[in-house]
Every structure is written in structure tokens, then in C-alpha cells.
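# Summary of structural features
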Amino acid sequence: MKYEAVIGLEIHIQLNSATKIFCDCANTPGDDPNTNVCPVCLWLPGALPVLSREVLEKATIACLSLNCEIQSESAFDQKVYYYPDLPKGFQLSQAHKPLAKKGWVEIQDEQGRPKRLRLHHVHMEEDVAKLVHETEGRVPISLVDFNRAGTPLIEVVTEPDFRSPHDAMEFLKAIRNQVRYTGCAECSMESGTMRCDANISIRPEGSDQLNTKVEVKNMNSIHHVGDAIAYEIKRQIDAVNNNEPIILHTRLWDPEKRVTTAMRAKFEGPCIPDPSVPTIVLDDAWLETMKSRLPEMPAQKVKRFVQDYSLTHDEAVLMSSERGLSEFFESVVTHGAPPRMTAGWIATQLLPALKAHQQTLAETRVTPQRFASLIQLLEKDEINSNSAKSVLEKLFEMDGTPEEIVEKFGFRQVSDAADLAKLVDQVLSDNASAVENYKNGNKKSMGFLVGQAMKASRGKANPKLVQKMIKDLLA
Amino acid sequence: MQFHELTLFDARKLLDAKDISSVDLVTALLERIESCDGEIQAYITVDEKGALASARKADERLANGDSTPLLGIPVALKDLLCTKGLATTCASRMLEGFVPQYDATVVEKLKESGAVILGKTNLDEFAMGSSTENSGFHITRNPWSLDHVPGGSSGGSAAAVAARLCTASLGTDTGGSIRQPASHCGVVGIKPTYGRVSRFGLVSYASSLDQIGPITRDVRDTAIMLNALCGHDPRDTTSANVAVPDFTAALDEYETQGLKGMVAGIPKEFLSVKGLDSDVEKAFYHSVKQLESLGVEVKEISLPHTDYAVAAYYVIAPSEASSNLARFDGVRYGYRDTEAADLIGMYKKTKSKGFGDEVQRRIITGTYALSAGYYDAYYGQATKVRSLISQDFSRAFEGCDIIISPVAPTPAFKIGENVDDPLTMYLTDIFTLSTNMAGLPGISIPCGHGKTGLPIGFQMMANRFDEMALVRAAYGLEQTLALENCFPEM
């Protein structure tokens, strides 16, 4: 029998608000252990949670970026469970009345067709403390760091619309890009500001039943999510083929052994509306303000880039993949550089150079204005692309406009016909055998001859003019 | 008159006139605690050193001509309120040795107003009970009769005021826990509107019902205490951002305008409950007559869902408690069992040994009511009843200014009489817990004594944030009744 997988994801995203969700402690869990703490986030007796306005705003904007319906009323519940990272014994989470319902994210399926994956809801919750396992002499001990306790999370819960690891990975990339765009979260699976659990079950292909699911946790990258889902699908198909039952439980992905292993039975504790954080009532005016703070999202931007700048779809997707990059691109274009050449040069030259210099667009000396001037010099044939690469390198190293750098280092392209004619004559007479080969029909010799001319000009000759001259002379 | 017998109002006058010092007053009360509290056991912790130091500071300020409403006044706090640097036990073994790093907002406010904290008073463990017999440390005795309970859960705070072991005290009221012990001890106790007083620093029992309020000798002192306690607190989102009136102005209103034109409703369902003591009934109707003589129009009203109040309350309060008390795990503070071999074992043994029977009973009841499959039938149903009770009151207040009733069906019962019968014990809260369910204010003032000499209280309830009506009416009744024999012989 052929099986298909039914997959739903639960994604936790840590918001980057200045404070924790229910107190004024700094939302910087990486600081020295237990330095960002107070009675509220230590959950001491008598302390009461007070919802942060900034967290509510950022959570709302993140939900809007995922096309969700913001609920006019939402509320927090106390989810009771016992674990040392939650000494309060309950987590404040929106179990009954989430901030947002529905929503969707569009991806491309394996065949490149658009596929819309639906969200069930998005809710806010507090993170728990972090356990650190060490040894004291030979005795293993567990320590609790409360810096992370009470840091703000949104949890995105999807519908079981996913059928493959591909769907899940594309979805995670899309959701990461979209939420990052809003500036409300970093969304890095590697640093733990985005975490993903997958609920996986299988069923005979074509069936619409929902079978017992298994939850898989502990994937630290988008690739791990894909690998873990692929492994789990195969494990479940093998189990069913061997007549083994699928039991509702949680499994951990082991990235070393590349397998999932059983962790615990899934526990559902009691849950009660929290009386100390009142119901959150949002009015239309407030929601409109949040909507006005939502930036143009990548999908809209792609359309606009194709329309306004005549980029190809792929170029537009690349230029929109991150908000900072898209803003850089548009700024360069606004400074007068031709859009497609700009996109090409950002993709093939600037981004690799940034990586080599370990810089980001936000901090580099290569400002949109300087980069635009460089592209314009190239467009006007004042420098050739070889020289342009050299100028770009100089832009990283020193101040000054590209024009000044071109002058200072003599990168200007030689396009003067008399100068070039002299150069070409010399090359043709020095390379008689190549000239002979070309005349006998070996077109490859042209490349060699142009190369020799470029070399003789120390890279400054206009290669297009050189080629035309040689062609004319040998015709 | 001896210093310990002074009301807050009289002590204020004498302090401001420099006729007495705060140190005199505090010393007198500490001596009284020393000589009488061995029998009563109203206190869990007496902070003699801290109290005297605060008294000396208050005297310095008084000497400099400074005066704030509570400057130099000795008060006692129910030991459910966090006090910075002073042990806070909730009368539970579970919190033995817990010293908070912060003051509850009400404690801050009392200190800002100049009050001297004498110590922490006894209660039913985590405020769960109606007799103070559920304390994890010791019972408290009723100053009027040592073999009777003082009521609960704020039994220590009520007994301390009645026995004159403090000038005023703070209690908390989740289902009658200020008003019922105030009634049993013959003192005045008010539960303000939910949201009137900040709950920050109050160790939660049932957060949607808990409210802090004062227990005092008379209504004037209650008004003075309310002035110090009420107000919005950004640390408690449920504290209401509404204007706080000068509650002592309600006394002047009575003096100038009386109670003429006020309408008081008597819920017929309250007076028809089984087991209503005849002395209580007699004292109640005697007070009703006094109110009528003051020009109050008294009429019968209906609160049709009264029958379901106790049941709904004992689903909602334990449900909230089961989650609120989950935090006492024995790891960072308080009691920890050291015999268990592993973590889960430690949790289990710590909770089994650290919590008393009643607390465990309510945690288990609440956990059951919230568990998957039962949630809608119990907690869901109870919250619906709660809404209906609120609607009953809203409808009733369309036709009256205050609602009046007894506080409890009987005067204080004997120690041990109800300990093995939780249901009977729960039913003693029948007249008080509806106001908690509806978030309304309620006051208990003494209105007489039964045949056995035990005091009986009279309850008045008002619309949300209308404590002014309560203070005015209660003051009027108090003045008119002019009870003698206001304090137990000790």
C-alpha cells in the first residue's frame, strides 16, 4: 500500500521586545545566568503578571504578517504541568482564546507550483526557564537560569496541510522571512529564537482520515526539520507494515545518529483561565494602527519589483528575501542605477564580497549611494566589469566615491578608437598563428585574441570594442 | 482608658496632640500581646524589634510636626501578605522560613502612611477555611469565648482587633474571610470591591475572588484604613483605575443627611436558609428596625441563584487554587522533603507533607474540576452560575442602594465542632461568598450578641465601587445601635 504523510507544525518564535512579557526585566536571555530576574519572572508568591504593551503590539504585527485574523478578544490561561524549568507549576499561554486565528503562508511545492499552507491559530505565551546540566565534582547537578523565564513567545500552530519534508522546510523559510520582515523577531533556529515541533502521522494515499500522530522535537535547523520528518515518515510506514501500533507520544530528533527516539508520553495537564491578566480587548482603531506599521511583505514586493523594475521573478524573489536587502536594492535604484544590472551585481558580487569581509549590509562602508555610482560607471562603459570588481574591493577598503577611486587607480576603460587600433594591430601581429586559426574557422581563437588585447591594456580596454575591431580587421 | 483600648481615630488625635507617643502605644500593645496572646494565639509572628524601630521613627516625624493618617499607628497583617524581610508563612508548613524580598502593595501603602507593623496574624492555611482551625501552626481562639473559633480565614486578624492586640489589622476575603471572622469576633470588617485594592504581594488563593480589606474597632476606623489602602496599582492589572473618594466623608454625609431616602433590599433566599440561628435572625431584624427608624426604605428582593452559589464557589475557588498552589514545589524556598529518591518523588512528598488536609482537599477538587472531560461540566458550569449571580445582583441594585443580610447563619461555633464536616463548614459562607462571585463590596458590623454572649454581625452589600454607601449606612446603624459591651473581658 502507498502511504502519504500528514504533517502539522508548531513553531515558537521569540519576540525581540525590550522587556519580558509580564515584567520589566530585560529580554536578553543570553546574559549572565539569573541577572534579568524579579519576583514576577521568578514566579515568587504574591507576584502578579502585567502584560507588556510592546509584546502585544509585536505579536499582533507578526500575526498580521502571516495573514491571520486578529481576535477582538483574547485571553491567557494557566497551563498546569510540573517540570523544574517551570517552578510556578503553570505556564501562561493563550490556550482557549488565542490572539489570532486562521492565516496562511504561500510556498512553492516540489513542482514549483504555488501552494497555500493554512494556519490554525497563533497565540502568545511566556517561555520557561532554562536548565543547565553540569557536574559538581563527580555529582551531576542541574541548575536553573531564569533569564529566559517569561521571555515572550508566539506559537504558530498550523493545519495538517503538509505532505512532505519539502513543504515543511519551505514553510519555515517563508515564515522566517515574513516575520523577520516585520522586525519583531530574529527567527533563527540555530540560536533558538525560532523552534519547531512537528506532528506527523501517515495514512493510505487518497484517504482523508487523521491517524494517531507522533510529535517530534529538538530540530535545530530547517534542514534538521526536513531530515527528522523524512525519517519519522519512514519509521511509521515500516512500523505499520510490521503491524506495530503507532502510539501518541513525543520523540526527539538526534542529529548525530539522524534518528528519532521516544521521549515521553504526551501529557495534557489541567488548564484554567488566568484571572490576573484581564481579557485583551482590541478595537478597530488600534488594529488599524498595527496594520499601518506592517511593512510591505515579500510577496507584494516581488510583484512590485517585477512590475516596476522589470526584474525576472527569480531576481525579484532574491532581492526581496530579506527586508534589509530589498531596501538596499531599492535605495541603489533610487540613486539612479539600472535595476536589473543592480540586482545582478548585488547577487553575484556584493553579497559574496560582504560574506568575505564578514560584514552586513547595515554596517558596511559600501553604501547604496556608492554602490549606485559604481553600477552607473559600469553602465556608461566608463569602466569594464573587471575594473568594476576592483573598484568594489576598494569601496570596502577606503572612503571616496567610485569616480575618485577610478581616477586614482587608473581603472577607466580605454574606448578611444585610435588607442585601441594601435593595441589591436600589435596583438594581431604578435599572434599570427591564432589569427591563422581564426581565419580557418576556429572561432575560439577570437576569445584568445581579445584576452591578449585586454592583457596588453592591463584590463582597461573596452572588450566589446576590441572584439568588434578584430572581427572587422580579419573579415 | 488604657492605650491598647484606643481606636485608630482616638490614637491619631492623642499622637498628634503629643499626649502619647507611638512608642507608648506600641509598647502597650506588645505587652498586651505578651500577656494575652498565649491564650488567643492570634499572631504567628510578632516583630517586636521592627515595630519599636518604626515607632521611634514615627515619633521623630511627629516631633517634627509631621502627620500622616496612620503615622505611628500599630497594625497587624494577615500572614498571607508579603512583607519584605519578615517571614510570610500563609500559615502553612510549606512556606516555613520563606522571607519575601518585597512588600505587598498594601504593606507599602501602610508604611507610606506611617503605620507600624506589629506582626503577622494567623489564618486558615492559604486562607482555605472558615474557622482558623486549618492553620498549619496553631488554632486561634475567639476572645469572647476561648472554646469557640474566631471564624476564618482571617481569624487571627479579627481576634487581634477584638482582643485589642493591635489597633487595626488587614485581612483578605475570598468567600467571606474578612466579614465572617469580623462578625464572630464583634468587630468591623469590609471586603472592598474586587479591584479596589491591589493584590500585588497577596499570596493568591483564588485570584478572581481574593480581595484585601481592613478589620477595625469601628466604622470610622474602617474609613480611615480604606483611604490608606485603596487605589490603582500598575503592578496589578486587575486593580481598577477609578477615582478613590475620601471615605471619611461618608461619615459626615451621615451626620448631615442621615440615611433618609436610602433603599435597602433583603434577599428572601438568604433569610429562608436552613439552620439560620434564631438569635442571628432576631439581631438582624432588630437592626432592620433601626435602619427603618432612620428613614431607610426596606424591601424584599430576590437573588434567585443563591442556592447554587456555594456549589459554584467550591468549584471555582479550588480550581484557581489548584493552579495557584502548584508553585510550592520545595525547590527554592519553604519546606522540602529530603527522603525522596528522585525529583517526582520529592515533589509528591513535599506537597503531601507540606500542605494540610484542607489545602490538599481543595487542590484535588480543583484539579478534578479542571481535568480533561470534566472541565465543561464543572468549571464551565460554575462560571456560568457565577455570571447569573452577578446578574442577580445587578438587577437587584436597580431597585435598591444596599442589600442587607446576616453575615453567617450562626454565631461562632465551638472549636472542633465542624472540623470533620467540610460541607457544613462550607455552608457557613452562604451569605458572604456571593459578593465575591459578583466582585461587590460588603461590610460586617456588630449588631448584638446571642444568648451565649457571642457577638453577631450585620452585613451590608453595595454596588461595585460604592463603598461610600456601605460606610455611610454602617456608620448610621452603628451610631443608632450604640452597642454596649463592645469588647470581650480579658
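Further up the page is the structure itself.
To keep things clear, this report deals only with the structure shown in the data block. (Residues numbered from 1 in each chain as written. Chains lettered and ligands numbered in written order. Predicted model: local features only at pLDDT ≥ 70, side-chain atom pairs only at ≥ 80, totals over all residues. Heavy atoms only, no water.)

### Things to note about the overall build of chain B
A tally of helices and strands in chain B yields 17 helices and 11 strands. Computed over C-alpha atoms, the radius of gyration of chain B comes to 21 Å, within 12% of the 23 Å expected from 2.2 N^0.38 for 490 residues, which places it in the range of a compact globule. Overall size of chain B, expressed as C-alpha extent along the three principal axes, is 65 × 55 × 45 Å. Out of the 490 residues in chain B, the part that is buried amounts to 64%. Sequence-distant contacts, at least 24 apart, represent 76% of the contacts inside chain B between residues at least 6 apart. (Helix = DSSP H or I, 4+ residues; strand = E, 2+ residues; numbered from the N terminus. Rg over C-alpha atoms; globule rule 2.2 N^0.38 Å. Buried < 20%, exposed > 50% of the residue type's maximum accessible area, 1.4 Å probe, protein only. Contact = heavy atoms within 4.5 Å.)

### Comments concerning the nonpolar core
With 210 residues, the main nonpolar core has Leu 9 of chain A together with Met 460 of chain B as its most contacted residues. If we ignore the near neighbours within four places in the chain, the residues touching Leu 9 of chain A are Val 156, Val 157, Thr 158, Phe 162, Ala 168, Phe 171, Leu 172, Cys 196, Asp 197, Ala 198 and Ile 229 of chain A. With 36 residues, the next largest nonpolar core counts Ile 346, Phe 396, Ile 405 and Phe 411 of chain A among its residues. (Core = buried A, V, L, I, M, F, W, Y, C linked by side-chain atoms within 4.5 Å.)

### Overview of the pairing of strand 11 (residues 194–204) of chain A
All names here are of chain A. With nine of 11 residues buried, strand 11 lies mostly within the body of the structure. Strand direction decides the pairing type here: strand 11 and strand 12 (residues 214–219), joined by four bridges, are antiparallel. From the neighbouring strand, Ala 198 faces strand 12, where its bridge partner is Val 216. (Pairing = 2+ DSSP bridges.)

### Some thoughts on the interface of chain B and chain A
Contact with chain B, which involves 35 residues of that partner, is made by 29 residues of chain A. Where chain B abuts chain A, roughly 2,600 Å² becomes buried across the two surfaces, and 62% of that area is made up of carbon and sulfur atoms. Among the residues chain B hides against chain A, the three largest losses belong to Ser 323, Arg 327 and Arg 332 of chain B. Together they make up 25% of the total. Here chain B is connected to chain A by zero salt bridges. For the pair chain B and chain A, the number of links is eight residue pairs in polar contact (both at pLDDT 80 or more). If you list the elements that add at least two residues to the side of chain B that touches chain A, you get helix 11 (306–324), helix 12 (343–354) and helix 13 (357–370) of chain B. With four residues, the top contributor of residues to the side of chain B that touches chain A is helix 11 of chain B. Residues that form the side of chain B that touches chain A fall into these classes: 16 nonpolar, 11 polar and eight charged. (Buried area = accessible area lost by both parts, 1.4 Å probe. Salt bridge = Lys/Arg side-chain N within 4 Å of Asp/Glu carboxyl O. Polar contact = N/O pair within 3.5 Å; in protein donor to acceptor, adjacent residues only side chain to side chain. Nonpolar A, V, L, I, M, F, W, Y, C, P; charged D, E, K, R; others polar.)

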